[in-house]
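# Residue-level structural notes
Take a look at the letters that make up each chain.
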Amino acid sequence: SAVISQKPSRDICQRGTSLTIQCQVDSQVTMMFWYRQQPGQSLTLIATANQGSEATYESGFVIDKFPISRPNLTFSTLTVSNMSPEDSSIYLCSVKGSRVNTEAFFGQGTRLTVV
Amino acid sequence: AQSVTQLDSQVPVFEEAPVELRCNYSSSVSVYLFWYVQYPNQGLQLLLKYLSGSTLVKGINGFEAEFNKSQTSFHLRKPSVHISDTAEYFCAVSREGGGNKLTFGTGTQLKVEL
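As a convention, each chain's residues are numbered from 1 in the sequence order in which they are written. Ligands are numbered from 1 and chains lettered from A, in the order in which they are written. In view of the model being predicted, local features appear only for residues whose pLDDT reaches at least 70, and side-chain atom pairs are presented and counted only at 80 or more, with totals across whole chains, interfaces and linings using the full set of residues. To obtain the side-chain values, all non-hydrogen atoms of the structure were used and water was disregarded.

### A look at the overall build of chain A
Here is the rule: Every helix listed is a DSSP run of H or I at least four residues long, and every strand listed is a run of E at least two residues long, numbered separately from the N terminus. All radius of gyration figures rest on C-alpha atoms, and the globule criterion is 2.2 Å times the number of residues raised to 0.38. For each residue, the accessible area found with a 1.4 Å probe, counting protein chains only, is set against the maximum for its type, and the residue is called buried under 20%, exposed over 50%, and partly exposed in between. For this analysis, residues touch if any pair of their heavy atoms sits within 4.5 Å.
When its secondary structure is counted, chain A shows 0 helices and 11 strands. In chain A, the order of α-helices and β-strands from amino to carboxyl end is β-β-β-β-β-β-β-β-β-β-β. Radius of gyration (C-alpha) of chain A: 13 Å, near the 13 Å computed for a compact globule of 115 residues. On the principal axes, the C-alpha backbone points of chain A span a range of 40 × 25 × 20 Å. Here chain A, with 115 residues, has 50% of them falling under the buried criterion. Considering only contacts within chain A whose residues lie at least 6 apart along the sequence, 53% involve residues at least 24 apart.

This is how it looks when you write it as structure tokens:
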């Protein structure tokens, strides 16, 4: 299993500002994922972050809005840029082993409110 | 591409009663199936997973699920729920044999009442 720590756990931000969310894992992992959970909705994958390469973004998400860093095998950051109230969501970090049948582990999430 | 449908957004049930949370999926390839639980203000925790083999899968906290390929379903069941089972439950799929991305359903809020 993997233990994932996300910071901050919650924040209230002004529109037009940016917030960087940190994800720290207690072991080295190949794949890290960032998800968004909008109010009352399911999880939507934003991007896959692999160490040593650029993040791969899903349809509807762009690097300018959600820049991601993955400096090593235990850490990643997601920045929500130029925020608007529509960005109010829970953002979750997830990690997975390299074997295809391993489960994904999730952090407790960052609850973001943009006012 | 895969998709997941959870037909029930909310399921109220009395304590010690049985419960079934429904999940149907759509995919042109074989898939792995998962159920996750999200307690209030927490991340997701894996309940159980189906990769291959026996179609009846047992998970944590007394939950089980049955994979039905002909009906493309993976319903979650528990014979007797407890108040502590109150949470959001998500069904998810990933592509078998190489897909690492999870596609989630919209979730089912299970509310256990006394």
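Moving on, there is more to tell.
### What to know about the pairing of strand S10 (residues 87-95) of chain B
The side chains of a regular strand alternate between both faces of the sheet. Residue and element names in this part refer to chain B. Note the following rule: Only when DSSP finds a minimum of two bridges between them are two strands counted as paired.
Among the 9 residues in S10, 8 count as buried, and that is most of the element. Examined bridge by bridge, strand S5 (residues 31-38) and S10 share 8 bridges and lie antiparallel to one another. Counterpart to Tyr 36 in the pairing with S10 is Phe 90. As paired strands, S10 and strand S12 (residues 108-113) are joined by 3 bridges and run antiparallel to one another. From the neighbouring strand, Glu 88 faces S12, where its bridge partner is Gln 109. Two strands pair when backbone bridges link them, and S10 and strand S11 (residues 103-104) are joined in this way by 2 bridges, in the antiparallel orientation. In the sheet register, Ala 92 faces S11, and the bridge partner there is Phe 104.

### As for the environment of B:Leu7
Positionally, B:Leu7 belongs in the loop between strand S1 (3-5) and strand S2 (10-14). With 77 residues separating them in the primary sequence, B:Leu7 and B:Ser84 have C-alpha atoms 23 Å apart.

### Some words on the nonpolar core
To keep things clear, this is the line we draw: What is meant by a nonpolar core is a set of buried Ala, Val, Leu, Ile, Met, Phe, Trp, Tyr and Cys residues, joined one to another through side-chain atoms within 4.5 Å.
Formed by 28 residues in total, the largest nonpolar core has its most connected members in B:Leu33, B:Trp35, B:Leu47, B:Leu48, B:Phe74, B:Leu76 and B:Tyr89. Broken down by secondary-structure element, the contributors of at least two residues to this core are S2, strand S3 (19-21), S5, strand S6 (44-50), strand S8 (64-68), strand S9 (73-78), S10 and S12 of chain B. The contacts of B:Leu48, once residues within four sequence positions are left out, are B:Leu33, B:Phe34, B:Trp35, B:Val57, B:Lys58, B:Gly59, B:Phe63, B:Glu64, B:Ala65, B:Phe74 and B:Leu76. Grouped together as the second largest cluster of nonpolar side chains are 26 residues, A:Ala2, A:Ala49, A:Tyr57 and A:Ile68 included.

### A short note on the side chain of A:Lys65
All names here are of chain A. We apply this condition: Pairing of N or O atoms within 3.5 Å defines a polar contact, subject to two protein rules: one partner must be a possible hydrogen donor and the other a possible acceptor, and residues neighboring in sequence count only if both atoms are side-chain atoms.
As for its placement among the helices and strands, Lys 65 is situated in the loop between strand S6 (56-57) and strand S7 (68-72). Only 3.1 Å separates the side chain of Lys 65 from the backbone oxygen of Asn 82, close enough to count as a polar contact. Among all residues touching Lys 65, those that are not within four sequence positions of it are Thr 79, Val 80, Ser 81, Asn 82, Met 83, Ser 84 and Asp 87.

### So, the packing of aromatic side chains
Residues and elements named next belong to chain B. Defined as follows: For Phe, Tyr and Trp, rings pair up if their centres lie within 6.5 Å, where Trp contributes its six-membered ring, and each pair is then called stacked (planes under 30 degrees apart), edge-to-face (over 60) or tilted (otherwise).
Under the counting rule described, the total for this entry stands at 12 aromatic pairs over all chains. Ring geometry for Tyr 25 against Phe 67: centres 6.3 Å apart, planes inclined by 25 degrees, an arrangement best described as stacked. Placement of Tyr 25 in strand S4 (residues 24-26) and of Phe 67 in strand S8 is noted, with a sequence separation of 42 residues between them. Phe 67 matches Tyr 25 in its accessibility class, with the two residues each being buried. The interplanar angle of 50 degrees and the centroid separation of 6.0 Å between the aromatic rings of Tyr 36 and Phe 104 together place this pair among those described as tilted. Here the residue Tyr 36 occupies a position in strand S5, and Phe 104 occupies one in strand S11, the gap between them amounting to 68 residues. The exposure class assigned to Tyr 36 is buried, which follows from its relative accessible area of 0%. Owing to a relative accessible area of 8%, Phe 104 belongs among the buried residues under this scheme.

Shape is all these values report; function is a separate question.
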